[in-house]
Amino acid sequence: MKVIVTGSYDESCAVVAEMIKDLVVSKPNAKLGLATGGTPVPIYKKLIAMNEAGEVDFSAVHTVNLDEYCGIPGTHDQSYRYFMNTNLFDHINIDKANTFVASGMGDFEANAAELEAKVYEGGVADLQLLGIGNNGHIAFNEASDHLISKAHIETLTESTINANARFFEKKEDVPTKAITMGMGDILAAKKVVLVATGLAKVPAIKGLIMDDVITTQNPSTMLKMHTDAVVVIDKELADAVGYKA
Ligand code: PGA
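Cut-offs used in this document
- Residues numbered from 1 in each chain as written.
- Predicted model: local features only at pLDDT ≥ 70, side-chain atom pairs only at ≥ 80, totals over all residues.
- Heavy atoms only, no water.
- Phe/Tyr/Trp six-rings, centres within 6.5 Å; stacked < 30°, edge-to-face > 60°.
- Helix = DSSP H or I, 4+ residues; strand = E, 2+ residues; numbered from the N terminus.
- Pairing = 2+ DSSP bridges.
- Contact = heavy atoms within 4.5 Å.
- Axes fitted to C-alpha atoms, helices over the stretch in contact; angles between N-to-C directions.
- Near = heavy atom within 4 Å.
- Polar contact = N/O pair within 3.5 Å; in protein donor to acceptor, adjacent residues only side chain to side chain.
- Areas by Shrake-Rupley, 256 points an atom, 1.4 Å probe, with all protein chains shown as cover.
- 1 Å grid on protein atoms, 1.4 Å probe; cavity = no way out; pocket = protein on both sides within 12 Å on 5 of 7 lines; lining within 4 Å.
- Points joined across faces, edges and corners; volume = space filled by probe spheres on them.
- Nonpolar A, V, L, I, M, F, W, Y, C, P; charged D, E, K, R; others polar.
- Core = buried A, V, L, I, M, F, W, Y, C linked by side-chain atoms within 4.5 Å.
- Buried < 20%, exposed > 50% of the residue type's maximum accessible area, 1.4 Å probe, protein only.

Peer 1: Sorry if this is basic, but what is going on with the packing of aromatic side chains here?
Peer 2: Both the distance between ring centres and the angle between the ring planes are used here to describe each pair of aromatic rings. The tally for this structure, following the rule as stated, stands at four aromatic pairs. Taking 5.7 Å as the distance between ring centres and 40 degrees as the angle between the ring planes, the aromatic pair formed by Y69 and F140 counts as tilted. In this pair, Y69 sits in strand 4 (residues 67-69) while F140 sits in the loop between strand 6 (127-130) and strand 7 (152-155), placing the two residues 71 residues apart along the sequence. Aromatic rings pair up to connect Y69, Y80, F140 and F168 into one cluster.

Peer 1: Mind showing me how you'd approach the sheet that holds strand 10 (residues 229-234) here?
Peer 2: Two orientations exist for strands paired in a sheet by backbone hydrogen bonds: parallel and antiparallel. Here we have seven strands laid out as an open sheet, ordered 1-10-9-6-2-3-5, and parallel in their pairing. With partners counted over all chains shown, the strands left at the sheet margins are strand 1 (2-6) and strand 5 (99-100), one partner each. Direction of pairing for strand 6 relative to strand 9 (residues 192-196): parallel, over a ladder of three bridges. Bridging across to strand 9, Q128 finds its partner in V192. Its contacts with the sheet put helix 7 (residues 202-209) on strand 1, strand 9 and strand 10, and the angle it makes with strand 10 is roughly 140 degrees.

Peer 1: Got a minute to help me understand the sheet that holds strand 4 in this structure?
Peer 2: Strand order in this open sheet of three strands is 4-8-7, and the pairing throughout is antiparallel. Every interior strand has two partners, whereas the edge strands, strand 4 and strand 7, have only one. Averaged over neighbouring strand pairs, the angle between their axes works out to 30 degrees when direction is ignored. Summarising the sheet, strand 4 and strand 8 (residues 177-180) pair through three bridges and their orientation is antiparallel. When the sheet's bridge partners are listed, E68 is paired in strand 8 with I179. On top of the sheet, helix 4 (residues 108-120) reaches strand 7 and strand 8; it is set at about 25 degrees to strand 8, its chief contact.

Peer 1: When you look at the site of the ligand in this model, what are you seeing that I'm missing?
Peer 2: Close to the ligand lie G37, G38, T39, G131, I132, G133, H137, R166 and K201. In the model, an oxygen atom of the ligand is placed 2.8 Å from a nitrogen or oxygen of the G38 main chain. For the ligand, an oxygen atom lies 2.6 Å from a polar atom in the side chain of K201. For the ligand, whose accessible area on its own is 280 Å², the fraction buried by protein is 83%.

Peer 1: Just checking my understanding: could you explain the pairing of strand 8 for this structure?
Peer 2: The side chains of a regular strand alternate between both faces of the sheet. As defined by bridge partners, strand 7 adjoins strand 8 across four bridges and the pair is classed as antiparallel. In the sheet register, H152 faces strand 8, and the bridge partner there is T180.

Peer 1: Explain empty space enclosed by the protein here, please?
Peer 2: Summary: where empty space remains is shown by rolling a probe the size of a single water molecule over the atoms. The full count for this structure, using the stated rule, is two cavities of 30 Å³ or more. By volume, the largest cavity is sized at about 60 Å³. For the largest cavity, the full set of lining residues is K31, V64, V119, V124, A125, Q128, M181, D185, I186, A188 and A189. Its residues assigned to classes, the lining of the largest cavity comprises eight nonpolar, one polar and two charged. Of the volumes computed, that of the second largest cavity is approximately 40 Å³. Lining the second largest cavity, in full, are A35, T39, P40, I43, L129, L130, G131 and V195. Considered class by class, the residues forming the lining of the second largest cavity number six nonpolar, two polar and no charged.

Peer 1: What is the right way to look at the nonpolar core in this model?
Peer 2: Soluble globular proteins: nonpolar side chains tend toward being buried together. I20, I43, L47 and L88 are the most contacted members of the largest nonpolar core, which totals 43 residues. Mapped by element, the contributors of at least two residues to this core are helix 1 (9-26), strand 2 (31-34), helix 2 (41-52), helix 3 (80-87), strand 6, strand 9 and strand 10. At seven residues, the largest contribution of residues to this core is made by helix 1. Residues contacting L47, with those up to four places away along its chain left out, are A17, I20, K21, V56, F58, L88 and I92.

Right, dumping it as C-alpha cells:
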C-alpha cells in the first residue's frame with residue numbers, strides 16, 4: 001500500500017483528479033469505480049474543470065458507483081444517483097447510459113445482483129475511488145465480525161447514520177439500509193485510491209496505515225492485501241495519526 005501525504009485536502013483532491021485524468025487520457029474507454037460522500041466533491045469539481053478546459057474526454061468512459069441507499073429514488077436529492085448527476089455527470093461529456101448507480105427502489109436483492117454484474121461487465125474497474133467512514137467502512141461495508149465479498153444489502157451502523165445525518169433534514173430521514181459493492185468487488189479493481197481528510201477519520205486511518213493488522217472491525221484494512229492501493233491523506237491527518245512519510 002502506498003501512502004501519499006499532501007500539504008492540504010485541496011492538494012489531495014488535485015493529486016487524485018490528476019490520477020483519474022492521466023488514466024482517462026491514456027485509456028479513453030477506462031472504467032471508473034466512483035464514490036459519493038463529502039470527500040470526493042472537490043475531486044469531481046476539478047475533473048469538471050479539466051473537462052471544460054479540454055484536458056480530458058469522458059465520452060468513452062464507463063462508471064460504476066459503490067453504493068446506493070435503499071428506499072429513496074434516483075430523483076431524491078440525497079440519492080447517490082442524484083449526487084453523481086449533480087456533482088459530476090451533468091457537467092462533463094460522459095454518456096449517462098455508461099454510468100451505473102444501483103437502484104435503491106423495488107427489489108433490493110435484484111438491484112444488488114445487478115450491481116454485482118456491473119462490477120465485472122466489460123472487465124473490472126481500472127481505478128476505484130474510495131472514501132472511508134469514521135468507523136473504517138468502505139462503501140457501506142460496515143465494521144462487523146464478518147464482511148461480505150459480493151454486492152449485498154447492508155444495515156447501516158449508528159456511526160454511519162450519525163455521520164450521514166448532516167445531509168438530511170433530520171437523522172430519522174437517513175435510510176437504514178443500503179445496497180453496496182462487497183469487499184471482494186472493491187478489491188477486484190485494478191487500482192484503488194482512498195482519500196481521507198479530517199480528524200474524525202483518525203481511528204480508521206490509524207488502523208489502515210499505522211500497523212499491518214487486517215481486521216473486519218476496520219474494513220479499510222483489507223486494502224492492505226491489494227497490490228495497487230494508494231491512500232491519499234493531508235498533513236493534518238498524517239500528523240494526527242503519527243504517520244511519518
Ligand atoms: P465522507 O464519507 O466522504 O462524507 O466523509 C466517506 C464514507 O463514508 O465512505
